[in-house]
Amino acid sequence: MTRKLTTIGFDADDTLWHNERFFRITQDRFAELLMDHVPQELDSQALGDRLLAAEKQNLGRYGYGVKGFTLSMIETAIEVTDARVPASVIQELIVAGQMMLSYPIELLPNAQSAVEALADSHRVVLVTKGDLLDQERKLAQSGLGDLFDGVEIVSEKTPQIYSEIFARHGDGPEHAMMVGNSMQSDVVPIIEAGGWGTYVPHGLVWEVEYAPAPVHSPRYTEISDLSALPTLVARIS
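Residues numbered from 1 in each chain as written. Predicted model: local features only at pLDDT ≥ 70, side-chain atom pairs only at ≥ 80, totals over all residues. Heavy atoms only, no water.

Student: When you look at the packing of aromatic side chains in this model, what are you seeing that I'm missing?
Tutor: Within this structure, the stated rule accounts for 5 aromatic pairs. Each ring, one from Phe-23 and one from Phe-69, has its centre 5.0 Å from the other, and the planes form 65°; the classification is edge-to-face. In this pair, Phe-23 is assigned in helix H1 (residues 20-34) and Phe-69 in helix H3 (residues 66-80), connecting sequence segments 46 residues apart. Residue class for Phe-69 comes out buried when judged on its relative accessible area of 3%. Aromatic pair Tyr-162 and Phe-166: ring centres 6.1 Å apart, planes at 15°, arrangement stacked. With Tyr-162 and Phe-166 both in helix H7 (residues 159-169) and 4 residues apart, the pair spans about one turn of that helix. Classification of Phe-166 by relative accessible area gives buried; the value is 0%. Positioned above the aromatic ring of Tyr-64, the side-chain terminus of Lys-129 is 3.7 Å from the ring centre. (Phe/Tyr/Trp six-rings, centres within 6.5 Å; stacked < 30°, edge-to-face > 60°. Helix = DSSP H or I, 4+ residues; strand = E, 2+ residues; numbered from the N terminus. Buried < 20%, exposed > 50% of the residue type's maximum accessible area, 1.4 Å probe, protein only. Lys NZ or Arg CZ within 6 Å of the ring centre and 35° of its normal.)

Student: Explain the nonpolar core to me, please; I cannot follow it from the model alone.
Tutor: For soluble globular proteins, nonpolar side chains are generally found buried alongside one another. Residues Ile-8, Phe-10, Leu-16, Phe-148, Met-177, Leu-226 and Leu-229 are the most contacted members of the largest nonpolar core, which totals 26 residues. Sorting the residues of this core by element identifies strand S1 (7-10), helix H5 (111-119), strand S2 (123-129), strand S4 (176-180) and helix H9 (229-236) as the ones contributing at least two each. Other than its neighbours up to four places away in sequence, Ile-8 contacts Leu-118, His-122, Arg-123, Val-124, Val-125, Met-177, Val-179 and Val-233. Core analysis: the next-biggest nonpolar cluster, separate from the first, contains 21 residues, Ala-31, Ala-77, Val-85 and Met-100 among them. (Core = buried A, V, L, I, M, F, W, Y, C linked by side-chain atoms within 4.5 Å. Contact = heavy atoms within 4.5 Å.)

Student: Please clarify how the sheet that holds strand S6 (residues 220-222) should be interpreted in this entry.
Tutor: Sheets are built from strands paired through backbone hydrogen bonds, the pairs being either parallel or antiparallel. Strand order in the open sheet made by the 6 strands is S3-S2-S1-S4-S5-S6, with parallel pairing throughout. Edge positions in the open sheet fall to strand S3 (150-154) and S6, since each of these has one partner strand only. The average undirected angle you get between the axes of adjacent strands in this sheet is 20°. Bridge count between S1 and S4: 4 bridges; the pairing is parallel. The residue of S4 that forms the bridge with Thr-7 is Ala-176. (Pairing = 2+ DSSP bridges. Axes fitted to C-alpha atoms, helices over the stretch in contact; angles between N-to-C directions.)

Student: So what exactly am I meant to see when it comes to the pairing of S4 here?
Tutor: For a regular strand, the rule is simple: side chains alternate between the two faces of the sheet. Of all 5 residues in S4, 5 are buried, a share of seventy percent or more. Judged by which residues are buried, S4 turns out to be covered on both faces: Ala-176, Met-178 and Gly-180 on one side and Met-177 and Val-179 on the other are all buried. Looking at chain direction, S4 and strand S5 (residues 196-199) are connected through 4 bridges and run parallel. In the strand pairing of S5, Met-177 is matched with Trp-196. Once you follow S4 into helix H8 (residues 183-192) and on to S5, the crossover reads as right-handed. (Right-handed = clockwise from strand over helix to strand, strands pointing away.)

Just distances and angles here, no functional claims.
Below, the structure is given as structure tokens:
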């Protein structure tokens, strides 16, 4: 008889290791570089709003990750300065984007111990969005790569995608749990696919990833950090 829960999916960025803070650092650099080239009414908050609008518009073109973010910074810089932004500023934005691809990976508390514990009793799969090369780099530097039974780098996280992934790597979504810091990407769609969604809050969340918590679903759980995950999984399994 198949156990209730046989496969655990982990999000990567800001679930297993830090990520969003590097985008915030670079966004601050973006505002700093443009401040002398835009009208006074465009303060750092307004510039951030313009950049976010560009990111949302460009997701369908560039997908998630540093490269799309860098292109959105350049596009926004051109727009808010009426194409008068100096080439030197564009160059600085490119450098800032390149720096994001070289930040060292820092695991979040209890990430390694949680994956190790569950790898002994369940199939564990990494399911992440973003640029293929960058996500592969981060996984390699994390030291967690050998613990996963499968790695899926996808352009979006939808109920259909989760159904396909957990059919391929497990016993279908109804026997799978997805663990992550994004209600929009990690929790809601897996529950819609028939699985369990476990929310692990992170202090910094990209606005695009906000969604209401599915609090009325019996398959939704929130834990304070990953140290609570093995006990939760054991209780369900």
